[in-house]
Amino acid sequence: MQTVPEDRRPFRFVIYALTIAMCVICYGDRAALSVGMPQIAHEFALTPGETGWVLSSFLWSYFILNLPSAILLDRFGVRIIGAAAVALWSLAMILGSLTATVPAFIATRILLGIGEAPTFALGNKVVRAWAPLHERGLMMTAFIGGIPIGLACGAASGGWLIAHYGWRPAFSLLGALGLVWSVVWLLTHPRPARGTQASSFSLISVPTLFRSSAFWGIVIAQCCANYANFLLMSWLPIIMRQTLHLGTAQSGAYTACCYVGAAILSITAGKVGETLVRGSNLSLGGRRKVVCLYLVLASSMGFLPLCETATTIIPLLAVSMAFMAGGTGANMALLADLLVEDEVLGSATGLTLTFSNGLGILAPIMTGYLLQATGNFHGVFYITGVIILCGALAAALLPRRPFHGRSQPDQTA
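Residues numbered from 1 in each chain as written. Predicted model: local features only at pLDDT ≥ 70, side-chain atom pairs only at ≥ 80, totals over all residues. Heavy atoms only, no water.

(A) Representation of the environment of Thr354. Along the polypeptide, Thr354 turns up in helix H14 (residues 345–374). For Thr354, a relative accessible area of 16% translates into the label buried. Along the backbone, Thr354 and Gln242 are 112 residues apart, and their C-alpha atoms lie at a distance of 32 Å. Not counting the four nearest positions on each side in its chain, Thr354 is found in contact with Phe63, Asn66 and Leu67. Here the side chain of Thr354 touches Leu67 through a polar contact of 3.4 Å, landing on its backbone nitrogen. For Thr354, the side chain forms a polar contact with the main-chain oxygen of Gly350, separated by 2.8 Å. (Helix = DSSP H or I, 4+ residues; strand = E, 2+ residues; numbered from the N terminus. Buried < 20%, exposed > 50% of the residue type's maximum accessible area, 1.4 Å probe, protein only. Contact = heavy atoms within 4.5 Å. Polar contact = N/O pair within 3.5 Å; in protein donor to acceptor, adjacent residues only side chain to side chain.)

Below, the structure is given as structure tokens:
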């Protein structure tokens, strides 16, 4: 396993902070769309079913390019690809604010998906490169904790801006923030030693990974968790608005409360998770127990239809999302634990997310049609709770030994 050089250890916290900030900006941009969707749907005269397609549109390119973008990440490194990716999706936000038709708006969301495609692979590579082994699960959970922080910031600030100035200025301001991050990342992240990136680059072997039951356990757990993640990030402000009969700004504020609570609790969950695996053999999948436990706890969102007030809905969602973040963070750390080759971690993460985001694409679309058919979100959450439990079962049973990401002469795994 890779160790962090002594002279880089104090500086790793700067890299951690910037990487988490990238995740915050990414999901803040997504939350702005959810909060602004009632205005956008009214302006473009969209039905609930059409709204679901618009909400999922960035996932089309995001899903297709998870693996190709991760391969580019392994080839060119986190410094260049990170800056380029955030700059691209930020420009897409700004262009989206200038569109006049639905096809043009969807095109900017597809462009945003292209930019966001390497985000998680980049986070996993940064954590493995900079975090000592005993810190890896906590820091990956902290990185994924950027999801609720970003969604909270995007929902609260986006809700206020959209209520006062409209969705177009809000999109432009959020896009400008991402461009600033890109410049700071380029100036801050160390350049790789000459020739290092090129010499360490190699391609993953997809058939080799597909023969590993441990890899499939990680993939299935991530797929099930991502279904719930994409449901909430796409529809939560609208769920709040409809269930509690709120205005735009208030629904954004209530959504932000859910995500702030989730962010705080997820860091605690990450720390507890590291305590739970202390003494376990991580190279034999010891971290899978944390993944399973946290996904079981996250499935509590299936009880949401039983809640009718803000005082019950917000705590339940905060707890559920916190354990979702803790579970997916531990799952990505589990991938880093079990994958033998450091140099293909980005590509292996990208392949994992290709599957998980493929399922995630269905969440906003299915939710739109279920809402259109039933007039409420009850069935949506019952189905989601069961899906999360399936992910917990896969995590418990399958990831039990190391696996290779490249072809091996005598491999039988």
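(B) The side chain of Ser320, seen in detail. Here Ser320 lies in helix H13 (residues 310–338). Polar contacts involving the side chain of Ser320 include one to the main-chain carbonyl oxygen of Ala298, which spans 2.6 Å. The residues touching Ser320, leaving out its near neighbours within four places in the chain, are Ala298, Ser300 and Met301.

(C) Highlighting the packing of aromatic side chains. Enumeration according to the criterion identifies 18 aromatic pairs in this entry. Ring geometry for Phe120 and Phe143: centres 5.5 Å apart, planes at 75°, overall edge-to-face. On the criterion of sequence distance, the pair formed by Phe120 in helix H5 (residues 119–130) and Phe143 in helix H6 (residues 136–165) is long-range, its members being 23 residues apart. By the burial criterion, Phe120 is buried, and Phe143 matches it. A connected cluster of aromatic rings, assembled from ring pairs, spans Phe210, Phe215, Trp216, Phe355 and Phe403. In this structure, Arg30 packs its charged tip against the face of Tyr27, placed 4.2 Å from the ring centre. A cation over a ring is seen here: Arg75 above Phe76, with NZ or CZ 5.0 Å from the ring centre. (Phe/Tyr/Trp six-rings, centres within 6.5 Å; stacked < 30°, edge-to-face > 60°. Lys NZ or Arg CZ within 6 Å of the ring centre and 35° of its normal.)

(D) Representation of the packing of helix H1 (residues 12–44) against H5 in the model. Two elements in contact, H1 and H5, have axes separated by 11 Å at closest approach and are oriented at 165°. One element, H1, and the other, H5, form an angle in the roughly antiparallel class. Once H1 is placed against H5, the crossing between them reads as left-handed. Taken together, the residues of H5 that come into contact with H1 (itself represented by Arg12, Ile15, Tyr16, Thr19, Met22, Cys26 and Tyr27) are Thr119, Phe120, Leu122, Gly123, Val126 and Trp130. Split into classes, the residues belonging to the contact of H1 with H5 amount to nine nonpolar, three polar and one charged. (Axes fitted to C-alpha atoms, helices over the stretch in contact; angles between N-to-C directions. Parallel < 35°, antiparallel > 145°, perpendicular 65-115°, else oblique. Left-handed = near helix turned anticlockwise from the far one by under 90°. Nonpolar A, V, L, I, M, F, W, Y, C, P; charged D, E, K, R; others polar.)

(E) The arrangement of H6 in detail. For H6, with 30 residues, the first-to-last C-alpha span of 42 Å sits near the 44 Å given by 1.5 Å per residue. With 22 of its 30 residues buried, H6 lies for the most part within the structure. Following H6 by one or two positions, Gly166 has its phi on the positive side, about 100°. (Expected span 1.5 Å × (residues − 1).)

(F) Representation of the pattern of salt bridges within the structure. Applying the stated rule across the entire model yields five salt bridges. In this structure, the salt-bridge partner of Lys125 is Asp74, at a minimum N-O distance of 2.9 Å. Of the two residues, Lys125 sits in helix H5 while Asp74 sits in helix H2 (residues 48–76), which places them 51 residues apart along the sequence. With respect to burial, Lys125 and Asp74 carry one shared label: buried. Taking the shortest distance from any N to any O, the salt bridge between Arg287 and Glu274 comes out at 2.7 Å. Linking Arg287 in the loop between helix H11 (248–276) and helix H12 (288–298) with Glu274 in helix H11, this pair joins segments that are 13 residues apart in sequence. Of the two residues, Arg287 and Glu274, both sit in the buried class. When salt bridges that share partners are traced, they join Glu274, Arg287 and Asp337 into one network. (Salt bridge = Lys/Arg side-chain N within 4 Å of Asp/Glu carboxyl O.)

(G) Quick look at the environment of Gly28. Note that Gly28 resides in helix H1. Gly28 sits in the buried class, given a relative accessible area of 6%. Leaving out residues up to four positions away in the same chain, Gly28 has contacts with Gly150, Leu151, Gly154 and Leu174.

It is worth stressing that arrangement in space is one thing and function is another; only the former is reported here.
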